[in-house]
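Fold and geometry: a report
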Amino acid sequence: MSEHRRRIVALGFSPASRALLERLQAWEELQCIRWPDDPTPAAQWLEREWLQAGAVLAVGACGLVTRLIAPLLTNKLADPAVIVLDPRGRHIVPLLGGHAAGAEALSLELAALLGGEAVLTGATADRGGLALDSYGQAWGWQRGSGDWSALMQRAARGELPRVQQEAGLNLWQQLPAAAEFLLPQGAGPEPSLTDLVISPRTGPGCRWHPPCLWLGLGCERGTDLSLLERLLERGLAEAGMSAAAVAGLASIDRKGDEAALLALACQRQWPLRLFPAAALAEVKVPHPSARVMAEMGTGSVAEAAAWLAARTPASATGASDGASGASPSYALTKTVERAQQGERGAATLAIVQADSQWAPRRGELHLVGSGPGDLALLSADARRALARCSTWVGYSLYLDLLEPLRRPDQLRREGRLTAERDRCAEALALASQGLRVALISSGDSGIYGMAGLALELWLQQPAEARPCFSVHPGLSALQLAAARVGAPLMHDFCTISLSDRLTPWPVIERRLRAAADGDFVVALYNPRSRDRSWQLERARQLLLEGRPGTTPVVLARQLGRPEEAVGLHELGSLPVDAVDMLTLVLIGNSSSYVRDGRMVTPRGYPGAALA
């Protein structure tokens, strides 16, 4: 589905569809619903929505939907995705536009959200391979020219297309689904009409265009938009480059209010990066101008701005994994366009190819709380985010627990347990390059997880460099531990991490004393490790100052996993040596008690009466 055509609409036909439509109504991407009692005939409603819709969700029978859409069909590149669901949401069928319109990918999201099954009947899905005519969208690319039907027919016959990659992220080559294709071995001979080419250039073959071109523009005050458009088209044609590979525009900050430049950026939906004259003046360019230096304080606007824009995006968000790893290079040095009859102004253009792609407006960063580990405890919202993302980033143990859900077309990127900042930086860098990325924490991402650090890094980026950011909650170990033993959290409680790696121990101790003085139920995260063996015993002593040694304590280890072990103990005789980093310690308050193997904290203190 096109990034500019994500409008999703839904319709139902019978009263039985209402319950499912009400469930879908909470989905933020669904923008219009035809309810089963709508007096507007379904065919008339669908015809009205058809041209603007990116996807149509129909709750009903496949035959009925097929007859309704038949008069509206034009071609696979123009028609929206059509997905049919049964009234209970058990089966999700991509009826139309499986690849080009994104119906298969959206069906997988819906299946995760509804707890149903996506019924995929295409040859590519059947063999677990890459859909060559649509997979590039997940990597931030735009599809270009080529005989895509012939390419897919060739792939269906088992004939491997030759793949050439000249630009853009090459991490896709690590996908299990990519194993069936011949991976690029250099540029090689001129591609045939049914080869696959990943490049900013135009030419033969089926082309995916990574967003790696920066267009530097300088212009006289009051230059007309038509002049800029003509210069753009001519310059791209001379360079042999596709407009679909443009990452953005760049110019001098004094042009930040230039009407035609702003209109061009808006019309093409390209970001506009502006640089001060002092920064531009430091760039060595092929064609500096003394006149421009005297007027603007820099010898170049177009060439210098394009080069600076191409150099800085990757460094702003982390290292890139480009195809070449080369420095920015000029695809077109400064070229000039002057006004024709009836026009005003003049303008210059330069095109620079960056060594990495950049498309934060297409990218998404999803902070996913995976819960304790049992897939049955994973929220539907988290499942949908995982199904939507092309790349999963996380600590290996957490990724292992989710591995049964990962498809062959989804990339796994592992990081070390203590390298949280590195994982956040990598996830943000990939999302800024146009990918949909899931950054995974155990439990809830917002409770001692990755959400805070990722958000801090995201906020440090300029507004135009920020991909979409969303947090998907998960079940915390605190909640599952409480559920396993009864009802220990019925009164005020707090959580404290005993790890002094990020928080000084005096601060932790002050919080422990406050929890003891306030008689809170206390959940201790990160309680004890090989290198931090004494902190839990110190915490126990502090809490004993305010509550009896018979205070019940839950030790819950490996919650939600096959090795799960949950035990009840007392604070005075707590087996500290049995605790490790995989254990949650839940300590009752002065009114908590255990009876018949269950722990409860009354909702009120002795003497209090519930209304």
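Residues numbered from 1 in each chain as written. Predicted model: local features only at pLDDT ≥ 70, side-chain atom pairs only at ≥ 80, totals over all residues. Heavy atoms only, no water.

1. A look at the overall build of the protein chain
Summing up its helical and strand segments, the protein chain has 18 helices and 28 strands in all. Looking at the protein chain residue by residue over its 611 residues, the buried ones come to 52%. When contacts within the protein chain are restricted to residue pairs at least 6 apart in sequence, long-range pairs at least 24 apart make up 69% of them. When the accessible area of the protein chain is evaluated, it comes to approximately 26,200 Å², of which 52% is carbon and sulfur surface. (Helix = DSSP H or I, 4+ residues; strand = E, 2+ residues; numbered from the N terminus. Buried < 20%, exposed > 50% of the residue type's maximum accessible area, 1.4 Å probe, protein only. Contact = heavy atoms within 4.5 Å. Areas by Shrake-Rupley, 256 points an atom, 1.4 Å probe, with all protein chains shown as cover.)

2. Notes on the packing of helix H1 (residues 18–25) against helix H4 (residues 103–114)
Two numbers describe how H1 lies on H4: the axes approach to 12 Å, and their chain directions differ by 100°. One way to sum up the angle between H1 and H4 is to call them roughly perpendicular. Here Leu 20, Arg 23 and Leu 24 of H1 come into contact with H4, specifically with Leu 110, Leu 113 and Leu 114. Looking at the contact of H1 with H4, its residues break down into five nonpolar, no polar and one charged. (Axes fitted to C-alpha atoms, helices over the stretch in contact; angles between N-to-C directions. Parallel < 35°, antiparallel > 145°, perpendicular 65-115°, else oblique. Nonpolar A, V, L, I, M, F, W, Y, C, P; charged D, E, K, R; others polar.)

3. Topic: the nonpolar core
Ranked by size, the top nonpolar core spans 39 residues in total, and within it Tyr 135, Trp 139, Trp 172, Leu 196, Leu 365 and Leu 439 carry the most contacts. Residues contacting Leu 365, with those up to four places away along its chain left out, are Ala 427, Leu 428, Ala 431, Val 437, Leu 439, Cys 468, Phe 469 and Ser 470. Counting residues in each nonpolar core, the second largest holds 24 residues, with Leu 213, Leu 227, Ala 245 and Ala 347 among its members. (Core = buried A, V, L, I, M, F, W, Y, C linked by side-chain atoms within 4.5 Å.)

4. Some thoughts on the side chain of Gln 410
Mapping Gln 410 onto the fold places it in the loop between helix H13 (396–402) and strand E18 (411–415). The exposure class of Gln 410 is buried, given its relative accessible area of 1%. A distance of 2.7 Å separates a polar side-chain atom of Gln 410 from the backbone oxygen of Leu 386. Apart from residues lying up to four places away in sequence, Gln 410 is in contact with Leu 175, Pro 176, Leu 386, Ala 387, Cys 389, Ser 390, Trp 392 and Leu 405. (Polar contact = N/O pair within 3.5 Å; in protein donor to acceptor, adjacent residues only side chain to side chain.)

5. Concerning the sheet that holds strand E4 (residues 81–85)
The sheet built from six strands is open, its strands ordered E2-E1-E3-E4-E5-E6 with mixed pairing. One side of each edge strand has no neighbouring strand; the edge strands of this open sheet are strand E2 (30–34) and strand E6 (117–118). When strand E5 (residues 91–96) meets E6, the two strands line up parallel, connected through two bridges. Opposite Ile 92, over in E6, you have Ala 118 as the bridge partner. (Pairing = 2+ DSSP bridges.)

6. Considerations on the sheet that holds strand E21 (residues 486–487)
Spatially, E21-E28-E27 is the arrangement adopted by the three strands of the open sheet, whose pairing is mixed. At either end of the open sheet lies a strand with only one pairing partner, and these are E21 and strand E27 (593–595). Sheet topology note: the E27/strand E28 (residues 598–600) ladder contains three bridges and is antiparallel. In the strand pairing of E28, Tyr 593 is matched with Val 600.

7. Remarks on the pattern of salt bridges
Under the defined criterion, the tally for this structure stands at 37 salt bridges. Where Arg 90 meets Asp 86, a salt bridge forms, and the shortest distance between an N and an O atom there is 3.6 Å. When its relative accessible area of 45% is taken as the criterion, Arg 90 is described as partly exposed. Residue Asp 86 is classed as buried on the basis of its relative accessible area of 13%. Of the charged contacts, one joins Arg 291 and Glu 295 as a salt bridge, the two residues approaching to 3.6 Å between their closest N and O atoms. Of this pair, Arg 291 and Glu 295 are both found in helix H10 (residues 290–296), four residues apart, which corresponds to roughly one turn of the helix. Just as Arg 291 is exposed, Glu 295 falls in that class too. Several salt bridges share partner residues, and in doing so they unite Glu 28, Glu 29, Glu 109, Glu 364, Arg 384 and Arg 388 into one network. (Salt bridge = Lys/Arg side-chain N within 4 Å of Asp/Glu carboxyl O.)

8. Regarding the environment of Arg 234
Structurally, Arg 234 can be placed in helix H7 (residues 225–239). The class for Arg 234 is partly exposed, based on a relative accessible area of 24%. Distance from Arg 234 to Leu 349, taken between C-alpha atoms, is 9.9 Å for residues 115 residues apart in sequence. If near-sequence neighbours (up to four positions away) are discounted, Arg 234 is found in contact with Thr 335, Val 336 and Glu 337. Reaching out from Arg 234, the side chain makes a polar contact with the backbone oxygen of Val 336 at a distance of 2.9 Å. At a separation of 2.9 Å, a polar atom in the side chain of Arg 234 contacts the side chain of Glu 337.

9. Section: the confidence of the model for the protein chain
In the predicted model, the protein chain carries a mean pLDDT of 90, and 93% of its residues have values of at least 70. Overall, residues 314–320 carries pLDDT values under 50, and its contacts beyond four positions in sequence, including any with other chains, amount to 14 contacts. (pLDDT = per-residue confidence, 0-100.)

10. Re the state of the cysteines
One pass over the full model with this rule turns up zero disulfides. As a non-bridged cysteine, Cys 389 has Cys 468 as the owner of its nearest cysteine sulfur, 10 Å distant. The class for Cys 389 is buried, based on a relative accessible area of 0%. A disulfide-free cysteine, Cys 424 has its sulfur positioned 14 Å from the sulfur of Cys 389, the nearest such atom. What makes Cys 424 buried here is its relative accessible area of 1%. (Disulfide = S-S within 2.5 Å.)

11. With respect to the pairing of E5
Looking along a regular strand, one sees side chains alternate from face to face of the sheet. Bridge analysis of E4 against E5 gives four bridges, and the strand direction is antiparallel. When the bridges of E5 are listed, Ile 83 appears paired with Pro 94. The antiparallel pairing of E4 with E5 creates a hairpin that spans five residues between the two strands, and Gly 89 there sits at a positive phi of about 70°. Considered for its hand, the β-α-β crossover made up of E5, H4 and E6 is right-handed. (Right-handed = clockwise from strand over helix to strand, strands pointing away.)

12. Thoughts on unusual backbone geometry
A positive phi angle, close to 55°, is found at Gln 269, a residue other than glycine. Considering the arrangement of structural elements, one finds Gln 269 in the loop between helix H8 (259–268) and strand E13 (272–275). According to the relative accessible area criterion, Gln 269 is partly exposed, its value standing at 42%. The phi dihedral of Asp 519 is positive, around 55°, even though this residue is not glycine. Here Asp 519 shows up in the loop between helix H17 (505–517) and strand E23 (521–525).

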